[in-house]
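Overview (structure and organization)
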Amino acid sequence: MAFEKKVTLKGSGKTLQLNEQVKRYTLRDNGFEETKNGNYQLVRDLDTSVLHKQGIKVKIVVASDLKTLKVSTTTSNGLQTVDVYGKETMSAAKEQLEYILESLAENGVLTQAAE
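Conventions adopted
- Residues numbered from 1 in each chain as written.
- Predicted model: local features only at pLDDT ≥ 70, side-chain atom pairs only at ≥ 80, totals over all residues.
- Heavy atoms only, no water.
- Core = buried A, V, L, I, M, F, W, Y, C linked by side-chain atoms within 4.5 Å.
- Buried < 20%, exposed > 50% of the residue type's maximum accessible area, 1.4 Å probe, protein only.
- Helix = DSSP H or I, 4+ residues; strand = E, 2+ residues; numbered from the N terminus.
- Pairing = 2+ DSSP bridges.
- Axes fitted to C-alpha atoms, helices over the stretch in contact; angles between N-to-C directions.
- Polar contact = N/O pair within 3.5 Å; in protein donor to acceptor, adjacent residues only side chain to side chain.
- Salt bridge = Lys/Arg side-chain N within 4 Å of Asp/Glu carboxyl O.

**Focus on the nonpolar core**
Among the nonpolar cores identified, the biggest contains 28 residues, and F32 and I60 are the most heavily contacted of them. Listing elements by their share of this core, those giving two or more residues are strand 2 (15-18), strand 4 (40-45), strand 5 (57-62), strand 6 (69-74) and helix 2 (91-106). Per-element tally for this core: the top contributor is helix 2, with five residues.

**Considerations on the sheet that holds strand 7 (residues 110-112)**
One open sheet holds the three strands; their spatial order is 1-2-7, and the pairing between them is antiparallel. Each edge of the open sheet is held by one strand with a lone partner, namely strand 1 (6-8) and strand 7. Averaged over all adjacent pairs, the angle separating strand axes in this sheet is 35°, with direction ignored. Pairing of strand 1 with strand 2, which is carried by three bridges, proceeds in the antiparallel orientation. Its bridge partner being in strand 2, K6 is matched across the sheet by Q17.

**Side note on the side chain of S12**
Along the chain, S12 turns up in the loop between strand 1 and strand 2. Accessibility expressed as a relative area gives 13% for S12, which makes it buried. At 3.1 Å, the side chain of S12 and the backbone nitrogen of K14 are in polar contact.

**Observations concerning unusual backbone geometry**
A positive phi angle, near 60°, is found at L66, a position not held by glycine. Judged by relative accessible area, L66 falls into the buried class, the value being 16%.

**Remarks on the pattern of salt bridges**
Following the criterion strictly, the structure yields two salt bridges and no others. The partner of E98 in a salt bridge is K14, and the shortest N-O contact between them spans 2.6 Å. With E98 in helix 2 and K14 in the loop between strand 1 and strand 2, this pair connects stretches of sequence that are 84 residues apart. Ionic pairing is found between D45 and K57, a salt bridge with its closest N-O pair at 3.5 Å. Taken as a pair, D45 in strand 4 and K57 in strand 5 lie far apart in primary sequence, twelve residues in all.

**Some thoughts on the pairing of strand 6**
Of all six residues that make up strand 6, five are buried, and the element is covered over most of its length. With six bridges connecting them, strand 5 and strand 6 associate as antiparallel partners. The residue of strand 6 that forms the bridge with K59 is S72.

Here it is in structure tokens:
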């Protein structure tokens, strides 16, 4: 998956982009970790139960230039993408994903892109 200026999760009607004012310290303050290539990555479980180690995760990667990003929902090992919005059984994961994205928007990391 390549870095893009605007991203949309499969099944979601929302298009997200990085906030133009985002800084490296803002990413670190919101839980992003710097990778070996200088990119910033945030991985969060969408399964609220502690007992499930094979839950769904959201992975957000911001390029080192702070202009482009990648967003995906995957299985716990990261090998398969999961459509959180497409299935009724994923309502808890969808709710958790919306909470994470909303929190990042409130903290100045993401914004909803104009179509």
